[in-house]
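Residues per chain are reported as follows:
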Amino acid sequence: MKMLKKKFKNYNPKIKEECGVFGISNCEDAAALTALGLHALQHRGQEGCGIVSYDGKKYYSEKRFGLVGDNFNNEKVLKNLEGNFAIGHNRYSTTGGTTLRNIQPFFADTHAGGIGVSHNGNLTNALTIRGKLVKDGAIFYSTSDTEVIIQLIAKSKRNTTIEKITDAVFQIQGGYALVMLAQNKLIGVRDPLGIRPLVIGKLKNSYVLASETCALDIIGARFLREVENGEIVIIENDNMESIKPFPAKKSRPCVFEYIYFSRPDSILNGKTSYEFRKKFGEQLAIEDDIKADLVVPVPDSGNAAALGYSQKTKINFDLGLIRNHYVGRTFIEPAQKIRSLGVKLKLNANKSSIKNKKIILIDDSLVRGTTSHKIVKMLYDAGAKEIHVRIASPEIKFPDFYGVDMPTKEELLAANKSVNEICDYIGAKSLKFLSIDGLYKAMGFEKRNNAFPQLTDHYFTGDYPVEIIDELGENKITQLSLLSTGSNS
Ligand code: AMP
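Given the structure is predicted, the values throughout are model-derived calculations rather than measurements.

**A word on the confidence of the model for the chain**
Logical step 1: Here the chain averages 90 in pLDDT, and 88% of its residues register 70 or above.
Logical step 2: The low-confidence segment residues 474-479 (pLDDT under 50) makes 13 contacts with residues lying over four places distant or belonging to another chain.
Logical step 3: When the criterion is pLDDT under 50, residues 482-489 qualifies, and its contacts beyond four places in sequence or with other chains add up to 18 contacts.

Below, the structure is given as structure tokens:
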């Protein structure tokens, strides 16, 4: 613990990416279908979006701040994106570097020809590599770690594009899913542990790559399979090849995709994340013995777990909170004054169903405790008799460095307070978290395999499967100087 604290004390995850990626080849409506795919992946990132297309001769690129529906639901923009090949990207809003330059896909002309890259994840040695490349004379355009990948591909002395890409991915570490376009080749790469997700679909004669299966459903593509951990798939016309250049490892996908991040209708490891979340709720009920009048979800993040809990306990499920669907992150985030109103903008108590009721309030996770704190007060103010908070995942005690937006250890409530102290802080009558073994059980495992954990679960355990090189490396640079804000035109 002490070691970890020291290791991460000064880490500045400024170039963190938490995003959605998509790609399609060999298809007449490549850009329009990419826009639809990105729209289905909107929950993975709302800060900006972009598409790069290729028509056999030239590449085309459009990038915008904001939502896909506001920017790419437009004939004129889509007309600019010619060709039968396209990749796209949704960028998640992060603390620093809100600039058009950071919006993906990135594109570069290299010795091997043009290459476009969309990246979901976070590299744990990006700053270290960047420092070395800069010393060597490289010029960087953005503050994103994705640019490091492009520079490594461009600098590789290997012969073919695929060899250059392989050369580059051997040098990077972290959690990543990449979708690339190199002339008429669509390429997908998943990190050696499969921390970040990537799936393959087929639409007539076209292959599709996407962060989640919900992006296949929206365009009517058939889900074929996940890209495996450490696999590189190379799609050319209607042919797909696969190489596995890394030493074989067991996969260890990120548990937070199951808990919170992926859309409930997306399939992860054979089941929808909705099914997994219901199971988390059922398991939470198995580990609990409280009697109450109602099970109330925090919408929408707690919906599936609350249903599972209610079905298991036979305690009635009811909507005690009503969500305003027209409040997006973009509205809440930038203005501090607005942010302080916080949860109230998004949710309101449904007085008629909660008045004088003993309530089990369920959410998927507790991070800083802001949501629970405000909702508990809101429900008491609206007349609830008792509120017992239940969280369908274990206590988050450790930050993330593989692409999920998590605050520092100092801000993580469970890293600094006991369960009783958290309960006091959020003002609930009682509080319980799902146990770690319960989480694994709900996912179909007997229990956590401590020698070879089945999931990337450092949030709860501090067990980081990929070293955070940037905090240790002698070439690290923690300050990036790109401060300008790009225009959206
Ligand atoms: P907090 O209010 O800080 O305790 O955060 C918990 C709430 O944020 C829950 O309702 C979660 O569904 C949601 N949440 C959890 N992880 C994330 C994340 N990485 N990004 C955005 N929201 C999240």
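Once the structure has been displayed, the description carries forward.
**As for the sheet that holds strand E16 (residues 294-297)**
Logical step 1: Strand order in the open sheet formed by four strands is E16-E19-E20-E21, and the pairing between neighbours is parallel. The strands lining the two open edges of the sheet, one partner per strand, are E16 and strand E21 (430-433). In this sheet, neighbouring strand axes are inclined to one another by 25° on average, regardless of whether the strands run parallel or antiparallel.
Logical step 2: When strand E20 (residues 386-391) meets E21, the two strands line up parallel, connected through four bridges. Bridging across to E21, Arg390 finds its partner in Lys432.
Logical step 3: Sitting on the sheet, helix H16 (residues 370-381) is in contact with strand E19 (358-363) and E20, with an inclination near 155° to E20.
Logical step 4: Each of E20 and E21 is contacted by helix H18 (residues 419-426), which is oriented at about 130° to E21, the strand it contacts most.

**A short note on the side chain of Thr34**
Logical step 1: You can see Thr34 is positioned in helix H2 (residues 30-40).
Logical step 2: Assessed through its relative accessible area of 0%, Thr34 is described here as buried.
Logical step 3: When near neighbours in sequence (up to four residues on either side) are disregarded, Thr34 contacts Phe22, Ile24, Ile51, Ala86, Ile87 and Gly88.

**Observations concerning the side chain of Asn122**
Logical step 1: One can find Asn122 in strand E6 (residues 113-123).
Logical step 2: One polar contact links the side chain of Asn122 to the main-chain carbonyl oxygen of Phe401, over a distance of 2.8 Å.

**Quick notes on the site of the ligand**
Logical step 1: Among the 16 residues in the neighbourhood of the ligand, the closest are listed as Asp363, Asp364, Arg368, Gly369 and Thr371.
Logical step 2: In the model, an oxygen atom of the ligand is placed 2.4 Å from a nitrogen or oxygen of the Thr371 side chain.
Logical step 3: Relative to its unbound accessible surface of 500 Å², the ligand loses 87% to contact with the protein.
Logical step 4: A class-by-class count of the residues in the shell around the ligand yields six nonpolar, five polar and five charged.

**Things to note about the packing of aromatic side chains**
The description of an aromatic ring pair rests on the distance of the ring centres and on the angle between the ring planes.
Logical step 1: Within the structure shown, the criterion is met by 13 aromatic pairs.
Logical step 2: Taken together, a centroid distance of 6.1 Å and an interplanar angle of 20° make the contact between Tyr260 and Phe261 stacked.
Logical step 3: Given the relative accessible area of 4%, Phe261 is considered buried.
Logical step 4: Measuring from ring centre to ring centre gives 5.7 Å for Phe401 and Tyr464, while their planes differ by 45°; the resulting arrangement is tilted. With Phe401 in the loop between E20 and helix H17 (413-416) and Tyr464 in the segment after helix H20 (458-461), this pair connects stretches of sequence that are 63 residues apart.
Logical step 5: Here the aromatic residues Tyr92, Phe256, Tyr260, Phe261, Tyr459 and Phe460 are joined through ring pairs into a cluster of three or more.
Logical step 6: Taking NZ or CZ as reference, Arg101 lies 4.8 Å from the ring centre of Tyr141, over its face.
Logical step 7: In this structure, Lys250 is placed above the aromatic ring of Phe452, and the distance from its NZ or CZ to the ring centre is 5.8 Å.

**Concerning unusual backbone geometry**
Logical step 1: Backbone torsion omega between Gln104 and Pro105 reads 5°, so that peptide bond is classified as cis.
Logical step 2: Pro299 connects to Asp300 through a cis peptide bond whose omega is -10°.
Logical step 3: On the secondary structure map, Asp300 appears in the loop between E16 and helix H11 (303-313).
Logical step 4: Positive phi outside glycine occurs at Lys314, with the angle close to 65°.
Logical step 5: Looking at the secondary structure, you find Lys314 in the loop between H11 and strand E17 (321-323).
Logical step 6: Here Lys314 falls in the exposed class, since its relative accessible area comes to 70%.

**Regarding the environment of Glu241**
Logical step 1: When you line up the elements, Glu241 lands in strand E13 (residues 239-243).
Logical step 2: Through-space distance from the C-alpha of Glu241 to that of Ile187 is 9.6 Å; in sequence the pair is 54 residues apart.
Logical step 3: Excluding its chain neighbours within four sequence positions, the residues that come into contact with Glu241 are Ile232, Val233 and Ile234.

**Quick notes on empty space enclosed by the protein**
Logical step 1: In total, this model carries two cavities of 30 Å³ or more according to the counting rule given.
Logical step 2: In this structure, the largest cavity spans a volume of roughly 90 Å³.
Logical step 3: What lines the largest cavity is a set of 16 residues, and nearest its centre among them are Arg190, Pro197, Glu226, Ile267 and Leu268.
Logical step 4: Each residue belonging to the lining of the largest cavity can be placed in one class, and the counts come to nine nonpolar, three polar and four charged.

Criteria and cut-off values
- Residues numbered from 1 in each chain as written.
- Predicted model: local features only at pLDDT ≥ 70, side-chain atom pairs only at ≥ 80, totals over all residues.
- Heavy atoms only, no water.
- pLDDT = per-residue confidence, 0-100.
- Contact = heavy atoms within 4.5 Å.
- Pairing = 2+ DSSP bridges.
- Helix = DSSP H or I, 4+ residues; strand = E, 2+ residues; numbered from the N terminus.
- Axes fitted to C-alpha atoms, helices over the stretch in contact; angles between N-to-C directions.
- Buried < 20%, exposed > 50% of the residue type's maximum accessible area, 1.4 Å probe, protein only.
- Polar contact = N/O pair within 3.5 Å; in protein donor to acceptor, adjacent residues only side chain to side chain.
- Near = heavy atom within 4 Å.
- Areas by Shrake-Rupley, 256 points an atom, 1.4 Å probe, with all protein chains shown as cover.
- Nonpolar A, V, L, I, M, F, W, Y, C, P; charged D, E, K, R; others polar.
- Phe/Tyr/Trp six-rings, centres within 6.5 Å; stacked < 30°, edge-to-face > 60°.
- Lys NZ or Arg CZ within 6 Å of the ring centre and 35° of its normal.
- 1 Å grid on protein atoms, 1.4 Å probe; cavity = no way out; pocket = protein on both sides within 12 Å on 5 of 7 lines; lining within 4 Å.
- Points joined across faces, edges and corners; volume = space filled by probe spheres on them.

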